[in-house]
Every structure is written in structure tokens, then in C-alpha cells.
Amino acid sequence: DAGVTQSPTHLIKTRGQQVTLRCSPKSGHDTVSWYQQALGQGPQFIFQYYEEEERQRGNFPDRFSGHQFPNYSSELNVNALLLGDSALYLCASSLEGLETQYFGPGTRLLVL
Amino acid sequence: AQSVTQPDIHITVSEGASLELRCNYSYGATPYLFWYVQSPGQGLQLLLKYFSGDTLVQGIKGFEAEFKRSQSSFNLRKPSVHWSDAAEYFCAVGALDLTGNQFYFGTGTSLTVIP
């Protein structure tokens, strides 16, 4: 049973650029959530996708956007990158109506 | 507003000693509570969860946690720590409502195990 997978594992960008991160949920899961984890901090909720729609959003600017595909995989897009966007980006999947979220290994983004 | 507090930023214990990591939460309804562990450079692995019922829950790797509603706490315990338990531990509360399920995490407790 494949768990949550994310790609790429590492990424280096420069300020002002745009980045796309990808996530495939655990088999059978239909809900994907994205979190940002800055160094030394706990994960912060960005948004959650279900049925290809964003249904909850944390306190992140519109530069952060996402998408969910019919196969439940998801993308996180960040535009106009800032140095402060450097972090580990975690994807979590769950099954609608159930509470447990399972996390992928994350994508580490470095903005120079 | 929902929040999670982990008052201990860093804890050091000797291998074989007992461990307790503290977690306090703030949430208006009955919380769904979780403990996750994160090894360096890795994602989060679920240790255990509490939804309802018995307030003492068992998890993987010999961990357990006790939900105390009166103290708004969900402390993680292990009777005998192994060197491989060295990692970052996060407590989280799940806020499940009609619009979705958002997790709120504490800032984590870093565990060092001395041989």
C-alpha cells in the first residue's frame, strides 16, 4: 500500500520565481492538505482540497494556490517567491469523514 | 481559537529512562488529538490518536498518551526510551467541521537520548 508521495524532494529557486510542488495521496484517500513547516517550527496549515475544490484555507496569501486532479493528486503553486517561503512543504492525505491525516516526506524549498 | 502548546522545547533523557512529553490544547469542542514524530529531514509519522472513549491510548513503538479533559492535556509517555526515539515530537489537534479538517500543531519538542 503506497503511502503519500511528494515530488521533488528538494528545490532551489530565486526570489520572484514560481514553483510547483506535487503530491499523490495514500491509496483510497480523497482529501489532500498542504502544510508549511519553517525551520524549528510546527507545520502550518495552508489549505485543503476535496473533490477538486479548495474547501479550507489557512492564513496564507493568494500567492499560494493549489489544484486537485480527478485522481486526487494535488499541486501546490507559489508565485513571486520570497526568502521567507523557504521551508519544508508537507502534503497530507485523508479520507473524507475520517479524521486522521497521513503525511508525505515533504519537499524542501530553498529560496535564494 | 484553536491552539496547541508544547511547553518543552527540548528534552534530554538517558536510554532506558521514562519519558513524558507535555501537550496542552485549546479547542471549543471535543478535540481529535494526535501525536506525530519527525526524524531529521523526514515527514511526520503518526504515533497515536484520540477521538473518544478510553482516555489512555496506545500507539506504535511503545508510546501511550492520556487525554485529560479537565486539564486540556494530552501528554505522551514511554516507560523506557530507546536511542532510536531521538526525534522531534509534535502534538496536534484536529478541527473537523462541515468545511473540512484542519490540523493545528504545536511547535514541537526535540528529544535527545543519551546512551
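As a reminder, the structure under discussion sits directly above these lines.
Attention in this report is confined to the structure presented alongside it. Residue indices begin from 1 for each chain and proceed along its sequence in written order. Here the convention is simple: chains get letters from A, ligands get numbers from 1, in the order in which they are written. Predicted model: local features are reported for residues with pLDDT of at least 70 only, side-chain atom pairs are reported and counted for 80 or more only, and whole-chain, interface and lining totals are derived from all residues. Only heavy atoms go into the side-chain values, all of them from the structure, while hydrogens and water stay out.

To continue, consider the side chain of Gln68 of chain A. All names here are of chain A. Only DSSP runs of H or I covering at least 4 residues are called helices, and only runs of E covering at least 2 are called strands; the numbering of each starts at the N terminus. Mapping Gln68 onto the fold places it in strand β7 (residues 64–68). Classification of Gln68 as buried rests on a relative accessible area of 1%. Polar contact is defined as a pair of N or O atoms within 3.5 Å, subject to the rule that within protein one atom must be able to donate a hydrogen and the other to accept it, and that residues adjacent in sequence are counted only when both atoms are side-chain atoms. Only 3.1 Å separates the side chain of Gln68 from the backbone oxygen of Asp30, close enough to count as a polar contact. Looking at Gln68, its side chain comes within polar contact range of the main-chain nitrogen of Tyr50, at 3.4 Å. The contact partners of Gln68, leaving out residues within four places of it in the chain, are Asp30, Thr31, Val32, Tyr49, Tyr50, Glu51, Glu52, Glu53, Ser73 and Ser74. Exposed residues in this analysis have more than 50% of their type's maximum accessible area, buried residues have under 20%, and partly exposed residues fall in between, with area computed by a 1.4 Å probe over protein chains only. The contact criterion used throughout is that any non-hydrogen atoms of two residues lie within 4.5 Å.

On to the packing of aromatic side chains, then. Two aromatic rings, drawn from Phe, Tyr or Trp (for Trp, its six-membered ring), form a pair once their centres lie within 6.5 Å of each other, and the interplanar angle then sorts them: stacked below 30 degrees, edge-to-face above 60, tilted otherwise. Evaluation of the coordinates by the stated rule reveals 19 aromatic pairs over all chains. For the ring pair Tyr36 of chain B and Phe105 of chain B, a centre distance of 5.9 Å and an interplane angle of 50° mean the geometry is tilted. Of the two residues, Tyr36 of chain B is situated in strand β5 (residues 32–38) and Phe105 of chain B in strand β11 (residues 100–105); the sequence distance between them amounts to 69 residues. For the pair shown, Tyr36 of chain B and Phe105 of chain B are each scored as buried. Within the aromatic cluster, the residues linked to one another by ring pairs are Tyr35, Phe45 and Phe103 of chain A together with Tyr32, Phe34, Tyr36, Phe51, Phe90, Phe103 and Phe105 of chain B. Over the aromatic face of Tyr102 of chain A sits the side chain of Lys26 of chain A, whose NZ or CZ is 5.4 Å from the ring centroid. A ring is considered to have a charge above it if a Lys NZ or an Arg CZ atom is located within 6 Å of its centre and within 35 degrees of its normal.

This part is about a nonpolar patch on the surface. Residue and element names in this part refer to chain A. To count toward a patch, a residue needs a relative accessible area over 30% and no salt bridge; like charges are then connected within 9 Å, while nonpolar side chains (Val, Leu, Ile, Met, Phe, Trp, Tyr) are connected within 5 Å. Here the open area of atoms and residues is found with the Shrake-Rupley method and a 1.4 Å probe, where only the protein chains shown may cover a residue. Put simply, a salt bridge is a Lys or Arg side-chain nitrogen that is within 4 Å of an Asp or Glu carboxyl oxygen. Among the surface-exposed residues, Ile12, Leu110 and Leu112 lie close enough to one another that they form a single nonpolar patch of about 300 Å² accessible area. By the element assignment, Ile12 lies in strand β2 (residues 10–13). Overall, the relative accessible area of 60% leaves Ile12 in the exposed class.

Moving on to the pairing of strand β4 (residues 31–37) of chain A. Residues and elements named next belong to chain A. Extensive coverage of β4 is indicated by the burial of seven of its seven residues. Residues Thr31, Ser33, Tyr35 and Gln37 of β4 are buried on one face, and the alternating residues Val32, Trp34 and Gln36, pointing to the opposite face, are buried as well. Strand pairing requires that DSSP identify at least two bridges connecting the strands. Summarising the sheet, β4 and strand β5 (residues 44–50) pair through six bridges and their orientation is antiparallel. Within β5, the position partnered with Trp34 by the bridge is Phe47. Counting the residues between successive antiparallel strands, the hairpin from β4 to β5 contains six residues, one of them, Gly40, with a positive phi of roughly 80°. The pairing of β4 with strand β9 (residues 87–94) spans seven bridges and is classified as antiparallel.

Before going further, it helps to spend a moment on unusual backbone geometry. Omega for the peptide link from Ser7 of chain A to Pro8 of chain A comes to -10°, which places this bond in the cis form. You can see Pro8 of chain A is positioned in the loop between β1 (5–7) and β2. Its identity as a non-glycine residue notwithstanding, Lys61 of chain B has a phi of 60°, on the positive side. Its place among the elements puts Lys61 of chain B in the loop between β7 (56–58) and β8 (64–68). The exposure class of Lys61 of chain B is partly exposed, given its relative accessible area of 45%.

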